[in-house]
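So the chains spell out like this:
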Amino acid sequence: MGKKLTAQQKLAQQKSPKKVRLEYDFSGLKAGSLMFVGTPQIINDFVKAIPYGETRTITAMRRQLARRRGCDDTCPVSTAFFVRTVAVAALEDIDAGKPISDVTPFWRLISSKDKVAAKLPIDPEWIDLQRKLEKEGDHQ
């Protein structure tokens, strides 16, 4: 059995995005829909592009990523995994001593109320604090 990869290692893996025509209904998406399946790096790049002090929702990101690629929607299942990978990779960086201003600002995408927040190795209230600090301009 191989050694478990860190989130940073998962983020660094080179994967190719895909477009999949659904043959049956899947996770809220209808059969016949063209579904975009991104990569952790695509999600990471999207989050990094969210301006300081602003937030986006995961649902809005999925729609935007799909539209950019001529698809009907983005896979909700793989996206949830990739969002978590991006967040945990940022937390690994913080734990390693990287300044918060130099990590991917996942709190701009994940709210403390999102299901994925409960799966992160932090108190979801930390996310609210980061959002509040940015709104007030306290950690650029």
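Residues numbered from 1 in each chain as written. Predicted model: local features only at pLDDT ≥ 70, side-chain atom pairs only at ≥ 80, totals over all residues. Heavy atoms only, no water.

S.K.: Talk me through the layout of surface pockets; I want residue IDs and the actual numbers.
M.R.: One number sums up the size of the largest pocket: a volume of about 360 Å³. Every residue lining the largest pocket is counted, 14 residues in all, and those nearest its centre are Ile 58, Pro 76, Ala 80, Lys 115 and Val 116. Those elements that place two or more of their residues in the lining of the largest pocket are α3 (58–68), α4 (76–95) and α5 (115–118). Per-element tally for the lining of the largest pocket: the top contributor is α4, with six residues. For the lining of the largest pocket, a count of residues per class yields six nonpolar, three polar and five charged. What the second largest pocket holds in volume is close to 240 Å³. What lines the second largest pocket is simply Lys 4, Leu 5, Thr 6, Ala 7, Lys 10, Phe 81, Arg 84, Thr 85, Val 88, Glu 92, Lys 119 and Pro 121. (1 Å grid on protein atoms, 1.4 Å probe; cavity = no way out; pocket = protein on both sides within 12 Å on 5 of 7 lines; lining within 4 Å. Points joined across faces, edges and corners; volume = space filled by probe spheres on them. Helix = DSSP H or I, 4+ residues; strand = E, 2+ residues; numbered from the N terminus. Nonpolar A, V, L, I, M, F, W, Y, C, P; charged D, E, K, R; others polar.)

S.K.: Residues and numbers for the packing of aromatic side chains, please.
M.R.: Overall, the coordinates contain three aromatic pairs when judged by the stated rule. Seen from their ring centres, Phe 106 and Trp 126 are 5.8 Å apart, and the 20 degrees between their planes marks the pair as stacked. Linking Phe 106 in the loop between α4 and α5 with Trp 126 in helix α6 (residues 124–135), this pair joins segments that are 20 residues apart in sequence. Taking relative accessible area as the criterion, Phe 106 reaches 1% and is therefore assigned buried. (Phe/Tyr/Trp six-rings, centres within 6.5 Å; stacked < 30°, edge-to-face > 60°. Buried < 20%, exposed > 50% of the residue type's maximum accessible area, 1.4 Å probe, protein only.)

S.K.: Could you give an account of a positive patch on the surface, naming the residues involved and the relevant values?
M.R.: On the surface, Lys 4, Lys 10, Lys 15, Lys 18, Arg 84, Lys 115 and Lys 119 cluster together into a positively charged patch. Topologically, Lys 18 is positioned in strand β1 (residues 18–21). The exposed category is assigned to Lys 18, whose relative accessible area is 52%. (Patch = residues over 30% accessible without salt bridge, like charges linked within 9 Å, V, L, I, M, F, W, Y side chains within 5 Å. Areas by Shrake-Rupley, 256 points an atom, 1.4 Å probe, with all protein chains shown as cover. Salt bridge = Lys/Arg side-chain N within 4 Å of Asp/Glu carboxyl O. Lys, Arg positive; Asp, Glu negative; His and termini not counted. Charge placed at Lys NZ, Arg CZ, Asp CG, Glu CD.)

S.K.: Outline the pairing of strand β2 (residues 34–37), listing residues and values.
M.R.: Sheet faces and side chains relate simply in a regular strand, where the side chains alternate between the two faces. Burial of β2 is two-sided: the residues Leu 34 and Phe 36 facing one way and the residues Met 35 and Val 37 facing the other way are all buried. Where β1 and β2 come together, four bridges link them in antiparallel fashion. Paired with Lys 18 across the bridge in β2 is Val 37. Where β2 lies against strand β3 (residues 73–74), two bridges are found, and the strand directions are parallel. Looking at the pairing, Phe 36 lines up with Thr 74 of β3. (Pairing = 2+ DSSP bridges.)

S.K.: Please set out the nonpolar core residue by residue, giving values where relevant.
M.R.: In globular proteins that are soluble, nonpolar side chains generally tend to be buried together. By size, the foremost hydrophobic cluster in this structure holds 30 residues, and its most contacted members are Ile 43, Phe 106 and Ile 110. Of all the secondary structure elements, the ones that give two or more residues to this core are α1 (7–12), β2, α2 (40–48), α3, α4 and α5. Look past the residues within four positions of Ile 43 in its chain and what remains in contact with it is Met 61, Leu 65, Thr 79, Phe 82, Val 83 and Val 86. Within the second largest apolar cluster, five residues are counted, among which are Leu 29, Met 35, Val 37 and Cys 75. (Core = buried A, V, L, I, M, F, W, Y, C linked by side-chain atoms within 4.5 Å. Contact = heavy atoms within 4.5 Å.)

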